[in-house]
Amino acid sequence: MRNRIFIAALLMLFGVAVAQNNFGFQRKAQDHNMTIRIDSISCREDLSRVYCKAYGRPHTSNRIDGVKLDGKIAATDIDPIYFERSFQFEDEGVILLEVDFPALKNKPKSFTLDFQTPYGIVRGTFPDKKK
């Protein structure tokens with residue numbers, strides 16, 4: 001009888017440990033969720049600049065490894081963060097971004113930006129149909 005109680009208690013403790021570990025993993029994956037809202041694009045002779053906002057959970061980190069315009073044109077620079085460097089969302093959970101691309105011949109009326117992160121691709125569209 002004593003062995004049965006001990007084994008049952010041990011199995012329950014093991015089940016609790018497994019459940020807590022699984023819930024912790026799900027929460028950490030949610031910590032890195034990021035959304036992008038594109039505000040505007042400015043086309044100049046020397047470059048094209050896209051103004052957008054990155055939204056994330058405050059006080060969590062993320063990283064942007066690269067950005068592609070319409071899945072083809074790679075970004076040359078991003079401000080105020082750096083490619084392939086971690087950054088942190090502050091209290092508001094918003095970072096204003098300026099993404100530079102080579103000069104475009106014509107200003108596009110609609111486009112997508114694909115942000116490559118370690119946690120997957122985050123896509124922003126312009127114009128934003130959710131506004």
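Residues numbered from 1 in each chain as written. Predicted model: local features only at pLDDT ≥ 70, side-chain atom pairs only at ≥ 80, totals over all residues. Heavy atoms only, no water.

K.L.:
Outline the sheet that holds strand β6 (residues 77-79), supporting the account with residue identities and numerical values.
P.N.:
An order of β1-β2-β8-β6 is seen for the four strands of this open sheet, with the pairing classed as antiparallel. The open sheet has two edge strands, β1 (34-43) and β6, and neither has a second partner. Across the sheet, the mean angle separating the axes of adjacent strands is 25° when strand polarity is ignored. Pairing between β6 and strand β8 (residues 94-102): three bridges, direction antiparallel. By the bridge assignment, Asp77 is partnered in β8 with Asp100. (Pairing = 2+ DSSP bridges. Helix = DSSP H or I, 4+ residues; strand = E, 2+ residues; numbered from the N terminus. Axes fitted to C-alpha atoms, helices over the stretch in contact; angles between N-to-C directions.)

K.L.:
Tell me what's going on with a nonpolar patch on the surface, and back it up with residues and numbers.
P.N.:
On the surface, Phe6, Ile7, Leu10 and Leu11 cluster together to form a nonpolar patch covering roughly 440 Å² of accessible area. By the secondary structure assignment, Phe6 is in helix α1 (residues 2-31). (Patch = residues over 30% accessible without salt bridge, like charges linked within 9 Å, V, L, I, M, F, W, Y side chains within 5 Å. Areas by Shrake-Rupley, 256 points an atom, 1.4 Å probe, with all protein chains shown as cover. Salt bridge = Lys/Arg side-chain N within 4 Å of Asp/Glu carboxyl O.)

K.L.:
A description of the packing of aromatic side chains should follow, citing residues and the corresponding values.
P.N.:
Here the distance between the centres and the angle between the planes together describe a pair of aromatic rings. In this structure the tally under the stated criterion is two aromatic pairs. Between the aromatic rings of Phe87 and Phe89, the centroid separation amounts to 5.4 Å while the plane-to-plane angle is 75°, which identifies the pairing as edge-to-face. Each member of the pair Phe87 and Phe89 is classed as buried. (Phe/Tyr/Trp six-rings, centres within 6.5 Å; stacked < 30°, edge-to-face > 60°. Buried < 20%, exposed > 50% of the residue type's maximum accessible area, 1.4 Å probe, protein only.)

K.L.:
So what's going on with the environment of Met34? Residues and values would help.
P.N.:
In this structure, Met34 sits in strand β1. If we skip the residues at most four places from it in the chain, Met34 touches Ala54, Tyr55, Asn62, Ile64, Phe87, Phe89, Thr117 and Val122. (Contact = heavy atoms within 4.5 Å.)

K.L.:
Lay out the sheet that holds strand β10 (residues 120-126) in plain terms, naming residues and giving numbers.
P.N.:
Within the open sheet, the four strands sit side by side as β5-β4-β9-β10. Their pairing is antiparallel. Strands at the two margins of the open sheet, each flanked by one partner only, are β5 (73-74) and β10. Examined bridge by bridge, strand β4 (residues 66-69) and strand β9 (residues 111-117) share four bridges and lie antiparallel to one another. Within β9, the residue paired with Leu69 across the bridge is Leu113.

K.L.:
So what's going on with the nonpolar core? Residues and values would help.
P.N.:
Counting 25 residues, the largest nonpolar core has Ile64, Leu97, Leu113 and Phe115 as the members making the most contacts within it. Listed by contribution, the elements that provide at least two residues to this core are β1, β2 (47-56), β4, β8, β9 and β10. (Core = buried A, V, L, I, M, F, W, Y, C linked by side-chain atoms within 4.5 Å.)

K.L.:
Outline the side chain of Thr117, supporting the account with residue identities and numerical values.
P.N.:
Here Thr117 lies in strand β9. Given the relative accessible area of 12%, Thr117 is considered buried. A distance of 2.5 Å separates a polar atom in the side chain of Thr117 from the backbone oxygen of Gly120. Among all residues touching Thr117, those that are not within four sequence positions of it are Met34, Asn62, Arg63, Asp65 and Val122. (Polar contact = N/O pair within 3.5 Å; in protein donor to acceptor, adjacent residues only side chain to side chain.)

K.L.:
Explain the pairing of β8 to me, using residue names and the numbers behind them.
P.N.:
Note on strand geometry: in a regular strand, side chains alternate between the two faces of the sheet. The pairing of β2 with β8 spans nine bridges and is classified as antiparallel. Bridge pairing links Cys52 to Leu97 in β8.

These results come straight from atomic positions and should not be treated as a statement about function.
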